[in-house]
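Report on the structure
Below are the chains, spelled out letter by letter.
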Amino acid sequence: KLEAAVMHQAGAVFFVNSQTADLVMGKYPPAWREKTYIMPHGFDARVLPEGSPSAGPRQRLRMVYTGRFYQGRRTPEGLLQALQILQNTRNLAEQLEVRLIGPFASAYQALAQDLGLGRVVICREEVPFLESVKEAAAADVLLVIDAPSDGPNLFLPSKLVDYLAFRKPILGLTPKEGASADLLRRLGCPVAAPDDPEGIAQAVAQLLDLWQAGQLGVSPGFDTAARQYDIRETTRLLDRVLEELIHRPTKQIS
């Protein structure tokens, strides 16, 4: 009842993606949908500190994840299992470095050791924001890890949008249908289900092959897809909506 009252009285209702808007507004009168707006998370490239390190020539491809894990839901277990699969055919210790950084990340260092990935995977607890920015800036590939879902994934994590500022390839371990996967495909970035170790292994192997061939980079469509998430664009959208609301005749939607 409280939600319905808010939706009824609001002059505008914002969602970060259309999937969530469809789910929430589907139970209300169609006229209410007219005041619904999609305003995605925004990234601000100004957060990149001057002199921030960038990926440069090195012996191993570096993948970096900066974010939170949730025990039993969003975890790196599928990724670690995938790396164990790859370990059977490639000397990962000489080809790959995976850095998992954030709350509860260190809990998975023991699993990495048990899977024979002690020289490949580094797990660190949460670091200050600017240090996490430097970690991401020094990556060759950035990692998005979502929780598995039974249906389309409704969530578009702000972390994925934050990554756009770095203009780097992104590997998305996310349900193949959903908000994150839709954005990653528009960016031209690979997607694998977070609970599909074989699929993840294949995606990582392809990235390693591109890196070793000197061909790893963002797709031609990356910048176009990322532009709508630039904080300057999302601010313009908010400005347009506020102007519209200010000048809109007052009326009751029932």
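The following paragraphs examine the structure supplied in this document. Residue numbers here run from 1 along each chain, matching the order of that chain's written sequence. Only residues with pLDDT of 70 or above have their local features reported here, since the model is predicted, and side-chain atom pairs are shown and tallied only from 80 upward, although totals for entire chains, interfaces and linings are computed over all residues. With hydrogens and water stripped out, all remaining heavy atoms of the structure feed into the side-chain values.

1. Concerning unusual backbone geometry
Positive phi, close to 75°, is recorded for F104, a residue that is not glycine. Here F104 is to be found in the loop between β4 (96-101) and α5 (109-114). With phi around 55°, R167 is a residue other than glycine that occupies positive phi space. The numbering of helices and of strands both runs from the N terminus, where a helix is a DSSP run of H or I of at least 4 residues and a strand a run of E of at least 2. Looking at the secondary structure, you find R167 in the loop between α7 (158-163) and β7 (170-173).

2. A word on the environment of A226
Here A226 is to be found in helix α10 (residues 222-227). Residue classification places A226 among the buried residues on the basis of a relative accessible area of 4%. Considering only alpha carbons, one finds A226 and R124, 102 residues apart in sequence, at a separation of 29 Å. Those residues within four positions of A226 in sequence are excluded, and the remaining contacts are F43, L164 and L187. Relative accessibility decides the category of a residue: with a 1.4 Å probe and only protein chains considered, values under 20% of the type maximum give buried, values over 50% give exposed, and everything between is partly exposed. The contact criterion used is simple: two residues touch if any of their non-hydrogen atoms lie within 4.5 Å.

3. Brief notes about the pairing of β7
Because side chains alternate across β7, one face comprises the buried residues I170 and G172, and the other comprises L171 and L173, equally buried. The sheet contact formed by strand β6 (residues 141-145) and β7 spans four bridges and is parallel. Bridge pairing links L142 to I170 in β7. Look down the strands so they point away from you; if going from the first strand over the helix to the second traces a clockwise path, that crossover is right-handed. Of the crossover connections in this fold, the one passing from β6 over α7 to the parallel β7 is right-handed. Any two strands with at least two DSSP-identified bridges between them are counted as paired. As paired strands, β7 and strand β8 (residues 191-192) are joined by two bridges and run parallel to one another. Within β8, the residue paired with G172 across the bridge is V191. Handedness of the β7-helix α8 (residues 179-187)-β8 crossover: right-handed.

4. Details of the environment of L207
On the secondary structure map, L207 appears in helix α9 (residues 197-212). A relative accessible area of 5% places L207 in the buried class. Every residue in contact with L207, bar those within four places of it in the chain, is listed here: L61, M63, V141, L171, P190 and L216.

5. Topic: the packing of aromatic side chains
Pairing of aromatic rings covers Phe, Tyr and the six-membered ring of Trp, with a centre-to-centre limit of 6.5 Å; geometry is then stacked below 30 degrees between planes, edge-to-face above 60, and tilted otherwise. Per the counting criterion, the structure on display carries four aromatic pairs. An angle of 70° between the planes, with centres 5.6 Å apart, marks the rings of F69 and Y108 as edge-to-face. Highlighted residues: F69 in the loop between β3 (61-66) and α3 (77-87) and Y108 in the loop between β4 and α5, separated in sequence by 39 residues. The residue whose ring lies beneath K35 is W32, and the NZ or CZ to ring-centre distance is 5.4 Å. Sitting over a ring, as applied to charges here, requires NZ of Lys or CZ of Arg to be within 6 Å of the ring centre and within 35 degrees of the ring normal.

6. Focus on the sheet that holds β6
If you trace the six strands from one edge of the open sheet to the other, you get β5-β4-β3-β6-β7-β8, paired in parallel fashion. With partners counted over all chains shown, the strands left at the sheet margins are β5 (121-124) and β8, one partner each. Along the sheet face, α9 touches β3, β4, β6, β7 and β8 and points at about 130° away from the line of β3. Only the stretch in contact is used when fitting a helix axis, every axis being a line fitted to C-alpha atoms; angles between N-to-C directions are given from 0 to 180 degrees.

7. A word on the pattern of salt bridges
Salt bridge, as used here, is a side-chain nitrogen of Lys or Arg placed within 4 Å of a carboxyl oxygen of Asp or Glu. Considering all chains together, one arrives at 12 salt bridges under this definition. A salt bridge links R167 to D223; its shortest N-O distance comes to 2.8 Å. Remark: D223 occurs in helix α10 and R167 occurs in the loop between α7 and β7; sequence separation between them is 56 residues. Its relative accessible area of 31% is what places D223 among the partly exposed residues. Two residues, R236 and E233, come together in a salt bridge whose shortest N-O distance is 2.6 Å. Residue R236 and its partner E233 are located together in helix α11 (residues 231-247), separated by three residues, close to a single helical turn. With a relative accessible area of 43%, R236 lands in the partly exposed category. Of the residues examined, E233 reaches a relative accessible area of 33% and is grouped as partly exposed. Each of R62, E97, R99, R124, E131 and E135 takes part in a single network of salt bridges with overlapping partners.

8. Brief notes about the packing of α3 against α9
Between α3 and α9, the shortest axis-to-axis distance is 8 Å and the interhelical angle comes to 65°. Crossing angle aside, the handedness with which α3 passes α9 is right-handed. On the side of α3, the interface is formed by G78, L79, Q81, A82, L83, I85 and L86, while α9 contributes P197, E198, I200, A201, V204 and A205. Put simply, a crossing is left-handed when the front helix is turned counterclockwise from the back one by less than a right angle, and right-handed when it is turned clockwise.

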